[in-house]
Structure formats: structure tokens, C-alpha cells
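Commentary on secondary and tertiary structure
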Amino acid sequence: MFEALSYSNDTEKSEFEKYRKIRGKFVLNQIYEYLLNFNYEKVKYSELSTCIRYDKNLRDTLYIYLATFEEYLRAIILDKYDLESHFKLNRKEERYIEKMADSMYESKNKENSELYAKFSLDLGETISLVSKLKMFSDEKLEEFENIRFLRNNVMHHNLIVLGKEISLEKVAKNKEKMEKGIVALANNLPGGYRQNFINAINSLRCDFEQYKMIIEA
């Protein structure tokens, strides 16, 4: 493992040992094996380092904007609907999201909200709820599913760019899925957020050009 990894100085060696303890050798090895696709004889530590830093910064940026989308979607639901006071969420029940939707009703200009008090759904459940309520078009719901896929990868701590892959062909397919989710997220942020989000993603530094993702505005 890491036989073809080369260092410019002892500082890089020390940094690699630090990363191996913090991130784990298997994460580093996945990026290392990906980089071997470009040069089987030698992988520079600086290339590995820039990829691992970029992936972490990408994850951190996505996390912030995914949280913004989740809050925004919840606010849209809370502004339009309320919940019957007798309803209690029980995830052990079959079709519990459908039962929740059946217990909701349109209510505006309210001072208190039963729905707000009891709302405890994660993003996947929230998307299922708005689907049951038929709040959005099929095209919009498809975008939400792409966002959910993106969020799952961010929260499960896979590498964003590589996923679980190392071959160039499979990595390209994973990047395509991630970019699709990022575009969907950009399209569904509150007004004024879209371009700032795209700029934030595109401005992230990665000195190994093939690893970096660029999102078209």
C-alpha cells in the first residue's frame, strides 16, 4: 500500500502520517489508487493531499447549503399546512408518512402551529411528505430525489468525488451523479442563494485538475 507514493520533504511524510491517523489509510488509499490511473510509477504526495483537502472542503460547503435547503423546504410546508392535534408520528407504523399527510390541512395566518411543534422528519421523510401532499411537480420532485442522493453521500462520509470507485470510468459516472445533485440543490435554494452557492463550489481549490468538479451556472 502506497508503494508508489513520493514525498518532496520530511514535512510531507509527517503530514501523511497525520492524515492516515485522522482520515484512515483506506480513504487515503482510495485516492492513491485513483491517482495511479494517471501515473502508475509515481504518485506525488502533493497530489493526494490536494485531493483529500478538496473533498473535505467540498463536503463542508455542501453540508451548509443542504441544511439551508432543508430548512427552506420545511418553512414552505409550515407556512401552508398545519396538523391535526391528535396525530402522533410513529415510524413503526406502515405508511406513517402517508398517515401524516392525511392528518394535515391547509392553514394560513396562524399564530401557533401543531405541525411546527411535532415536525421531526429528516430530509428523505420530508421529501416523501411533500410528494404525498402533491405540493410540487414531478420534475421538481425528481430534483428533490437528486438532492437526497447528494445528501446521503455527504452524510455517509464517502468521498464526494470518488464515491466508492477508483477507475476513471466509474469515477466519471459518480461525478456526473454528484454534479446532478449539486445543480438540483442550486436550483432549489432560496432566492439569491443559487449563484453564491455555485461560486462557492467552483472557487474551491484543487491542484489536481482532473479531480475537481466545475458546475455550470
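The structure we're discussing is the one just above.
These notes cover the structure that comes with them. (Residues numbered from 1 in each chain as written. Predicted model: local features only at pLDDT ≥ 70, side-chain atom pairs only at ≥ 80, totals over all residues. Heavy atoms only, no water.)

Things to note about the environment of Ser 128
Stated formally: The way it works is that DSSP assigns letters per residue, a run of H or I at least four long becomes a helix, a run of E at least two long becomes a strand, and they are numbered from the N terminus. Classification of residues uses two cut-offs on accessible area relative to the type maximum, computed with a 1.4 Å probe and protein chains only: under 20% is buried, over 50% is exposed, and between them is partly exposed.
One can find Ser 128 in helix 6 (residues 123–133). Accessibility expressed as a relative area gives 26% for Ser 128, which makes it partly exposed.

Topic: helix 1 (residues 10–23)
As a reminder of what qualifies: Expected helix span is taken as 1.5 Å per residue step, with the number of steps being one fewer than the number of residues. Working note: the arc is built from the helix axis to C-beta atom directions. Residue contacts are defined here by distance: any two heavy atoms, one from each residue, within 4.5 Å place the two residues in contact. Within 3.5 Å is the distance limit for a polar contact, defined as a pair of N or O atoms, with the added protein rule that one can donate a hydrogen and the other accept it, and that residues adjacent in sequence qualify only through two side-chain atoms.
Here helix 1 is 14 residues long and its end C-alpha atoms lie 20 Å apart, about the 20 Å a rise of 1.5 Å per residue gives. The complete set of buried residues in helix 1 reads Glu 12, Phe 16 and Tyr 19. When helix 1 is viewed along its axis, its buried side chains cluster within an angular range of 65° and face the same direction. Of the exposed residues in helix 1, those oriented more than 90 degrees away from the buried face are Asp 10, Thr 11, Lys 21 and Ile 22. Contact partners of the buried residues in helix 1: strand 1 (5–6), helix 2 (25–35) and helix 3 (45–80). N-capping of helix 1 is provided by Asn 9, with a side-chain oxygen placed 3.1 Å from the backbone N of Thr 11. Immediately downstream of helix 1, the backbone of Gly 24 shows phi near 95°, a positive value.

Remarks on the packing of helix 1 against helix 2
Rules: Axes here refer to lines fitted to C-alpha atoms; in helices the fit is confined to the stretch in contact. Angles between the N-to-C directions go from 0 to 180 degrees. Residue polarity follows a fixed list, in which Ala, Val, Leu, Ile, Met, Phe, Trp, Tyr, Cys and Pro are nonpolar, Asp, Glu, Lys and Arg are charged, and the others, Gly among them, are polar.
Their axes nearest at 6 Å, the elements helix 1 and helix 2 cross at an angle of 115°. Between helix 1, through Phe 16, Tyr 19, Arg 20 and Arg 23, and helix 2, the contact on the second element is made entirely by Lys 25, Val 27 and Leu 28. For the contact of helix 1 with helix 2, the residue count by class is four nonpolar, no polar and three charged.

Describing the nonpolar core
Using the following cut-off: We define the nonpolar core as a collection of buried residues of types Ala, Val, Leu, Ile, Met, Phe, Trp, Tyr and Cys that are connected through side-chain atoms lying within 4.5 Å of one another.
Of all hydrophobic cores here, the largest spans 67 residues; its most connected members are Leu 62 and Tyr 211. Per-element accounting of this core gives the leading share, 13 residues, to helix 3. Residues in contact with Tyr 211, not counting those within four places in the same chain, are Ile 31, Tyr 34, Cys 51, Tyr 54, Asp 55, Leu 159, Val 161, Leu 162, Lys 175 and Cys 206.

Some thoughts on the packing of aromatic side chains
Operational definition: Only Phe, Tyr and Trp rings take part, Trp by its six-membered ring, and two of them pair if their centres are within 6.5 Å. Stacked means planes under 30 degrees apart, edge-to-face means over 60, and tilted covers everything else.
Going through the model one piece at a time under the given rule, you end up with twelve aromatic pairs. Centre to centre, the rings of Phe 38 and Phe 208 are 5.1 Å apart; their planes meet at 75°, and the pair counts as edge-to-face. One end of the pair, Phe 38, is in the loop between helix 2 and strand 2 (43–44); the other, Phe 208, is in the segment after helix 9 (194–202), with 170 residues separating them in the sequence. What makes Phe 38 partly exposed here is its relative accessible area of 33%. Geometrically, the ring pair formed by Tyr 54 and Tyr 211 is edge-to-face, given 6.1 Å between the ring centres and 80° between the ring planes. Taken together, the positions of Tyr 54 in helix 3 and Tyr 211 in the segment after helix 9 put the pair 157 residues apart, joining distant regions of the chain. Tyr 211 shares its class with Tyr 54; the two are buried.

Here's the deal with the pattern of salt bridges
Let me state the cut-off plainly: Any Lys or Arg side-chain nitrogen found within 4 Å of a carboxyl oxygen on Asp or Glu counts as a salt bridge.
Inspection of the entire model under this criterion finds 14 salt bridges. Glu 70 is the partner of Arg 151 in a salt bridge, and the nearest nitrogen-oxygen pair spans 3.8 Å. Linking Arg 151 in helix 7 (residues 138–155) with Glu 70 in helix 3, this pair joins segments that are 81 residues apart in sequence. With a shortest N-O distance of 3.1 Å, Glu 114 and Lys 118 are connected by a salt bridge. Placement of both Glu 114 and Lys 118 in helix 5 (residues 114–118) is noted, with a separation of four residues, approximately one turn of the helix. Overall, Lys 118 belongs to the partly exposed group, its relative accessible area being 28%. Each of the salt bridges in this network shares a partner with another, and the network as a whole consists of Glu 94, Arg 95, Glu 98 and Lys 132.

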